[in-house]
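Now for the letters of each chain:
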Amino acid sequence: MVAWARWCYRHRLVVLVLWVTALVGLGAVGGSAGTDYANVFSAPDTDSTRAGDLMEKAFPQRSGDTDTVVWKTARGSARDAAVRGRIEPVLAEIAGMKGVGEVAGPYAPGPEAAARVSRDGRVAYAQITFTEQANEVSKSLVEDVVDTARSAARPGLRVELGGQAVARIQEPPAGTAEAVGIAAAAVVLFLAFGSLFAMLLPILTAVFAVGAGLLATMLLSHVTAVPEVAPLLGTLIGLGVGIDYALFIVTRHRRGILRGLTPEESAARALDTSGRAVLFAGGTVCVALAGMLVMNMRFLDGVVIAASLTVVLSVLAALTLLPAMLGLLGSRVLSRRQRRRLAATGPEPDEPTGLAARWAAAVERRPRAVALLAVAVMAALALPLLSLRLGATDQGNHQESSTTRQAYDLLAEGFGPGFNGPLQVVVAKAEPAATEALVERIRATEGVARVAPATPSADGGTAVIQVVPTTSPQSAATDRLIDRLRADVLPRAGVDAHVGGVTAVFKDFATVTADRLPYFVGAIVVLGFLLLLVAFRSLVVPLTAAVMNLVAAAASFGVLVAVFQWGWGAEALGIAKEGPITAFLPVVMLSLLFGLSMDYQVFLVSRMHEEWVHTRDNARAVRVGLGETSRVINCAALIMICVFSAFVLSGDLEGATAGIGLAAAVALDAFVLRTALVPAAMQLLGRANWWLPPWLDRRLPHLAVEPRDAVPPAPEELEALVAAALGPAGPAPDPCAAPEACAAQGTCGAVDPLTARGDFSPYDPYDPYDAAYAADDETPAPGLPAPQERGAHVVHGFIITPDGEPIHTVTMTLLSKSGRQLDRVSSLADGSYHLSAPAPGVYLLAATAPGYASKARHIMLGNGPLTYDLELLEAVGTGPML
């Protein structure tokens, strides 16, 4: 990772040109190819899918989007000559437009036309069938249709239009939600960094990644089924993770420069530390998104492709484009005030201070109270989840001022609430007598408002019966009517019939989603558990993370139910009408939520784990980890909340629902779970947090998620240092006249390495300390403590200059007598360090730091801690200084 970061940093113009070329190329190809999005909501092996297949075969001519012109007269009837004289010429003009296939109005002869006027005669409608589907109809044509139709309106005569094509031209200008989200994120970043250039870096990185992802998704829509909502969801998650991933890396880079590193060295270390975490975090998000494939629904497959592609490009941009831009800026990534202070006072300490440190200390003091308060908040927010109802949104959920919502309400007023979502009963191998008998049975069924005569196919083998329920498409009573038709009415008729139509399709989709949701949740929870198990080598940490993810999901869906089903605060958010939660959103949101929660868990716990490895002090590990990471986590969460909340302005109800749900989930996850409940629970669990059965530890692969801040010395440098300290091969004499007494007192200090002899090798089977680590069972080597006691022996102290100034860029390495590395840490801002050893005995302590001469000393550890300070001189010439 370091070599890759240096290459991107030094070849920054090449990297920038490659990214710009890729974006321009994708834009050119995507612009010429256009889009081919398809909303395939049907679920396999459902009744509505079988009805749809029969319809497609029997009535292939019914293609193209069908929209509606609705008008209502305040006085008289829609059949009056005055009204007819204004409406008929308008419908004729629309029928003559290129791209319009057919216009079916209420003024033609026949019972079908007469049925397009309400019983009271005041409301009527005409159906406009385009030659193409809604997403392919040109907006200019739809605008001409709308303008022409509404030109017939006058005082006392309202004219409104509904349908998918009309809804498309009502959407806010493309990019409105994204622009608002980016602007809000920019404000948060500027307040966090205090630098215009540093603020632009995460935003530019995310914009490049999301732009490339959207253009690539456009091209993929021509080769696979990608739903219309997929680009919106891809943009939503891409902006969130893209800005956050860049934020983590830029924050580490700025910290390195403030600690005295050169910009290039700081960028390399930032990529090797936070860059690794970003790579792991992006992988976890993609794994969580891939969990949607368990649902076996074509609609979700397209969402997985679009969202995963955008996340992958966000990671790629953070690891390539970002270091290139860091190279262009150099030290200007800091604010002017920071650069002046760095030049005047030198490197600054990097300790957790301020509110974050005080909060971490408060959690340490009162973990039970903090945990109980957090659990109470999450439980209260999760309660509405018990009334969750999955379904579909329609134009009845649009803003009241929109023409689509006005048309929806007029049709419901004139023809009943069920008219906006009619059912289609498709009869296969229909006999005319049996079909007529079925029509009568359906007409007599409770919940049916009207039944149209059966329409036979051209070959007479299939018939379609249109059924209008008495209740709206989103009503639970309509769902019960569908169940009643399938379970009772159709089987008794003795015909092969299936219930289809948009309302039935969405009901079946919601049912299949609810049935498969437990398998999906189980899959992503298990995958997340295994990833964290490998990363942190603990059973309790991943188990805690899994429970917290489920708690966050429950609370966020409780918020969704309260806002979108119950209508709490809907008016303030600009949501027109409450209704069920769109069926596919729980799956999409759970994937994104679990992925994002894993990001925060990795970032928080990796710092705790690092401190635990060094000190074996759980309380300190939790306190330091929370104090040092909570500020960055909260800043990242604020950015995601801004980006997600802005999608309320997208004009798409699914996008608004997902945005509000994810914003609530991120807020609860960052401000309640990761900064309160998780650290409080880890304080209460103590050392059990880090327990892992030894047999499992030996069999798990090792995965470095978050390396330490300092880059370790090169192997050849450390080998030269140790070889110089140990001298030619030979047995090492006792460093003290009475080593047993010294070990017992724990007072033996450094030993002149020139008097010692050893053999540098990665592993020495004759060294009892190496042998203890190599054991395949729990039996300790003779004279060594049991495995659970290893690491309880420590050496600590300060690294200073001859003038007493602390050095905070030192890599301290503890090795066995044979040269095997046992522990490695970086000195803190005050020059302190803390190393752990497996048992009392003789060890080699090595110190390396940029700009200082390296040093190695033998030490002897007893049963108690050893305090050992080192002085380092500024480097003059080359080679280790002994």
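Residues numbered from 1 in each chain as written. Predicted model: local features only at pLDDT ≥ 70, side-chain atom pairs only at ≥ 80, totals over all residues. Heavy atoms only, no water.

Trainee: Got a minute to help me understand the overall build of the protein in this structure?
Mentor: Each helix and strand counted, the protein has 27 helices and 19 strands in total. Counting all 882 residues of the protein, 54% fall into the buried class. Counted over contacts in the protein with a minimum sequence separation of 6, partners at least 24 positions apart contribute 77%. Accessible area for the protein stands at about 36,500 Å²; split by element, carbon and sulfur atoms hold 59% of it. (Helix = DSSP H or I, 4+ residues; strand = E, 2+ residues; numbered from the N terminus. Buried < 20%, exposed > 50% of the residue type's maximum accessible area, 1.4 Å probe, protein only. Contact = heavy atoms within 4.5 Å. Areas by Shrake-Rupley, 256 points an atom, 1.4 Å probe, with all protein chains shown as cover.)

Trainee: I keep staring at the pattern of salt bridges and nothing clicks. Help me out?
Mentor: Any two side chains of opposite charge can pair, so long as their charged atoms come close to each other. The final tally for this structure, using the stated rule, is 18 salt bridges. Ionic pairing is found between Asp272 and Arg276, a salt bridge with its closest N-O pair at 2.9 Å. Linking Asp272 with Arg276, this pair stays in helix α11 (residues 263-290), spanning 4 residues, or about one helical turn. What makes Arg276 partly exposed here is its relative accessible area of 28%. With a closest N to O distance of 3.9 Å, Asp479 and Arg389 form a salt bridge. Of this pair, Asp479 sits in helix α18 (residues 476-493) while Arg389 sits in the loop between α15 (367-382) and β5 (390-391), and the two are 90 residues apart along the sequence. Classification of Arg389 by relative accessible area gives partly exposed; the value is 28%. (Salt bridge = Lys/Arg side-chain N within 4 Å of Asp/Glu carboxyl O.)

Trainee: Is there a simple way to think about a negative patch on the surface in this case?
Mentor: On the surface, Glu93, Glu143, Asp144 and Asp147 cluster together into a negatively charged patch. Along the chain, Glu93 turns up in helix α4 (residues 81-95). (Patch = residues over 30% accessible without salt bridge, like charges linked within 9 Å, V, L, I, M, F, W, Y side chains within 5 Å. Lys, Arg positive; Asp, Glu negative; His and termini not counted. Charge placed at Lys NZ, Arg CZ, Asp CG, Glu CD.)

Trainee: Honestly, the environment of Ile182 in this entry has me stumped. Any pointers?
Mentor: Secondary-structure assignment places Ile182 in helix α8 (residues 176-193). Judged by its relative accessible area of 21%, Ile182 is partly exposed. Apart from the residues lying within four places of it in its own chain, the contact partners of Ile182 are Ile203, Val207 and Leu239.

Trainee: Which parts of the structure should I look at to understand unusual backbone geometry?
Mentor: Peptide bonds are, in most cases, trans, and in most cases residues other than glycine have a negative phi. In this model, Arg537 sits at a positive phi of 50 degrees, which is unusual for a non-glycine residue. Note on placement: Arg537 falls in the loop between α19 (502-536) and α20 (540-565).

Trainee: How should I be thinking about empty space enclosed by the protein in this particular structure?
Mentor: In this approach, a probe sized like a water molecule rolls over the atoms, and the result shows the empty space that is left. Scanning the model with the defined rule gives 4 cavities of 30 Å³ or more in all. As a volume, the second largest cavity reaches approximately 110 Å³. Lining the second largest cavity we find 16 residues, and of these Ile524, Leu527, Gly528, Phe594 and Met598 sit closest to its centre. In terms of residue count, the dominant contributor to the lining of the second largest cavity is α19 (7 residues). Each residue belonging to the lining of the second largest cavity can be placed in one class, and the counts come to 13 nonpolar, 3 polar and no charged. (1 Å grid on protein atoms, 1.4 Å probe; cavity = no way out; pocket = protein on both sides within 12 Å on 5 of 7 lines; lining within 4 Å. Points joined across faces, edges and corners; volume = space filled by probe spheres on them. Nonpolar A, V, L, I, M, F, W, Y, C, P; charged D, E, K, R; others polar.)

Trainee: What's the story with the sheet that holds strand β16 (residues 841-849) in this structure? I'm lost.
Mentor: In sheet architecture, strand pairing relies on hydrogen bonds along the backbone and comes in two forms, parallel and antiparallel. On the basis of which strands lie adjacent, the open sheet formed by 4 strands has the order β14-β13-β16-β17 and antiparallel pairing. Looking at strand neighbours, the two that pair on one side only are β14 (821-826) and β17 (852-861), the edges of this open sheet. Ignoring strand direction, the axes of neighbouring strands in this sheet form an average angle of 20 degrees. Relative to β14, strand β13 (residues 811-815) runs antiparallel, the two being bridged by 5 bridges. The partner of Thr813 across the bridge, within β14, is Arg824. (Pairing = 2+ DSSP bridges. Axes fitted to C-alpha atoms, helices over the stretch in contact; angles between N-to-C directions.)

Trainee: Explain the pairing of strand β10 (residues 496-500) to me, please; I cannot follow it from the model alone.
Mentor: Residues in a regular strand point their side chains to alternate faces of the sheet. Where burial is concerned, most of β10 is hidden: 4 out of the 5 residues are buried. Looking at chain direction, strand β6 (residues 423-428) and β10 are connected through 5 bridges and run antiparallel. Bridge assignment links Val426 to a residue of β10, and that residue is His498.

Trainee: Just checking my understanding: could you explain the packing of aromatic side chains for this structure?
Mentor: Aromatic rings considered in pairs are described by the distance between their centres and by the relative angle of their planes. Following the criterion strictly, the structure yields 8 aromatic pairs and no others. Both rings, one in Trp71 and one in Tyr107, keep their centres 6.2 Å apart while their planes meet at 35 degrees; by these two values the pair is tilted. Remark: Tyr107 occurs in the loop between β2 (100-104) and α5 (111-114) and Trp71 occurs in strand β1 (residues 66-73); sequence separation between them is 36 residues. Consider the rings of Tyr125 and Phe419, whose centres lie 5.2 Å apart with planes at 65 degrees: the pair is edge-to-face. (Phe/Tyr/Trp six-rings, centres within 6.5 Å; stacked < 30°, edge-to-face > 60°.)

Trainee: Before we go on, may I ask you to explain helix α12 (residues 298-329) in this structure?
Mentor: Within an α-helix, residues lying three or four positions from one another point in the same direction, as the helix has 3.6 residues per turn. Taking 1.5 Å per residue as the helical rise, α12 with its 32 residues ought to reach 46 Å, and the 45 Å between its terminal C-alpha atoms agrees with that figure. The largest bend along α12 measures about 35 degrees and falls at Ala317. With 25 of 32 residues buried, α12 is to be regarded as a mostly interior element. Once α12 ends, the next one or two residues include Gly330, with phi positive near 65 degrees. (Expected span 1.5 Å × (residues − 1). Bend = angle between axes of the 7 residues up to and from the residue.)

Trainee: Could you clarify how one ought to interpret helix α2 (residues 12-33) in this entry?
Mentor: The terminal C-alpha atoms of α2, which comprises 22 residues, lie 32 Å apart, in line with the 32 Å expected from a rise of 1.5 Å per residue. What α2 keeps buried is the set Val15, Leu16, Trp19 and Gly30. Seen along its axis, α2 keeps its buried residues to an arc of 100 degrees; they face one direction. The exposed residues of α2 that point more than 90 degrees off its buried face are Leu13, Val17, Leu18, Val24, Ala28 and Ser32. Where α2 is buried, its residues touch α1 (2-10), α9 (196-220) and α12. Two residues or fewer after α2 comes Gly34, characterised by a positive phi angle close to 75 degrees. (Arc of directions from axis to C-beta.)

Trainee: Sorry, what's going on with the sheet that holds β2 here?
Mentor: In spatial order, the strands read β2-β3-β1-β4; together these 4 strands make up an open sheet with antiparallel pairing. Each edge of the sheet is formed by a strand with only one pairing partner; in this case those strands are β2 and β4 (157-162). On average, each strand axis in the sheet is inclined to that of its neighbour by 20 degrees, with strand direction left out of account. Pairing between β1 and β4: 6 bridges, direction antiparallel. Opposite Val70, over in β4, you have Glu160 as the bridge partner. Its contacts with the sheet put helix α6 (residues 139-150) on β1, β2, β3 (123-130) and β4, and the angle it makes with β4 is roughly 160 degrees. Helix-sheet contacts for helix α16 (residues 403-415) involve β1, β3 and β4, and the interaxial angle to β4 is about 110 degrees.

Trainee: Can you help me understand the confidence of the model for the protein in this one?
Mentor: When pLDDT is averaged along the protein, the result is 79, and 84% of the positions lie at 70 or above. Taken element by element, the predicted model of the protein shows its lowest mean pLDDT in helix α27 (residues 768-774) (39) and its highest in α15 (93). In the predicted structure, residues 708-712 sits below a pLDDT of 50 and forms 19 contacts with residues beyond four places in sequence or in another chain. Across residues 728-791, confidence stays below pLDDT 50; counting only partners more than four residues off in sequence or on other chains, it has 107 contacts. (pLDDT = per-residue confidence, 0-100.)

Trainee: Teacher, can you tell me more about the nonpolar core here?
Mentor: As a rule of thumb, soluble globular proteins bury nonpolar side chains together. Core analysis: the biggest nonpolar cluster contains 157 residues, and Met292, Leu300, Phe520, Phe584, Ile639 and Phe644 have the highest contact counts within it. Per-element accounting of this core gives the leading share, 18 residues, to α12. (Core = buried A, V, L, I, M, F, W, Y, C linked by side-chain atoms within 4.5 Å.)

Trainee: Help me understand the packing of α19 against helix α21 (residues 585-615) in this model?
Mentor: A pair of packed helices is characterised by two quantities: the angle between their axes and the separation of those axes. The N-to-C vectors of α19 and α21 enclose an angle of 15 degrees; their axes lie 11 Å apart at closest approach. As judged from the angle between their axes, α19 and α21 are roughly parallel. In terms of crossing hand, the pair formed by α19 and α21 is right-handed. Side by side, α19 and α21 meet where Thr513, Leu517, Phe520, Val521, Ile524, Val525, Gly528, Leu531, Leu532 and Phe536 of the first sit next to Val587, Leu590, Ser591, Phe594, Met598, Gln601, Val602, Val605, Ser606 and His609 of the second. The residue inventory of the contact of α19 with α21, partitioned by class, reads 14 nonpolar, 6 polar and no charged. (Parallel < 35°, antiparallel > 145°, perpendicular 65-115°, else oblique. Left-handed = near helix turned anticlockwise from the far one by under 90°.)

Trainee: What's the story with the packing of α9 against α12 in this structure? I'm lost.
Mentor: Packing of α9 against α12 leaves a shortest axis separation of 8 Å and a crossing angle of 145 degrees. Judged by the twist between their axes, the crossing of α9 over α12 is right-handed. Of the residues contributing to the contact of α9 with α12, the split by class is 20 nonpolar, 5 polar and no charged.

Trainee: Mind showing me how you'd approach a nonpolar patch on the surface here?
Mentor: A contiguous nonpolar patch, built from Val187, Phe190, Leu191, Leu196, Phe197, Leu200 and Leu204 and spanning about 640 Å² of accessible area, is present on the exposed surface. At the level of secondary structure, the elements contributing two or more residues to the nonpolar patch comprise α8 and α9. Among the elements that line the nonpolar patch, the one with the most residues is α9, at 4 residues. Summarising the element assignment, Leu200 is placed in helix α9.

Trainee: Sorry, what's going on with the side chain of Arg254 here?
Mentor: Within the element layout of this structure, Arg254 appears in helix α10 (residues 229-258). Not counting residues within four places of it along the chain, the set of residues in contact with Arg254 comprises Phe193, Ser195, Ala198, Val333, Leu334, Ser335 and Gln338.

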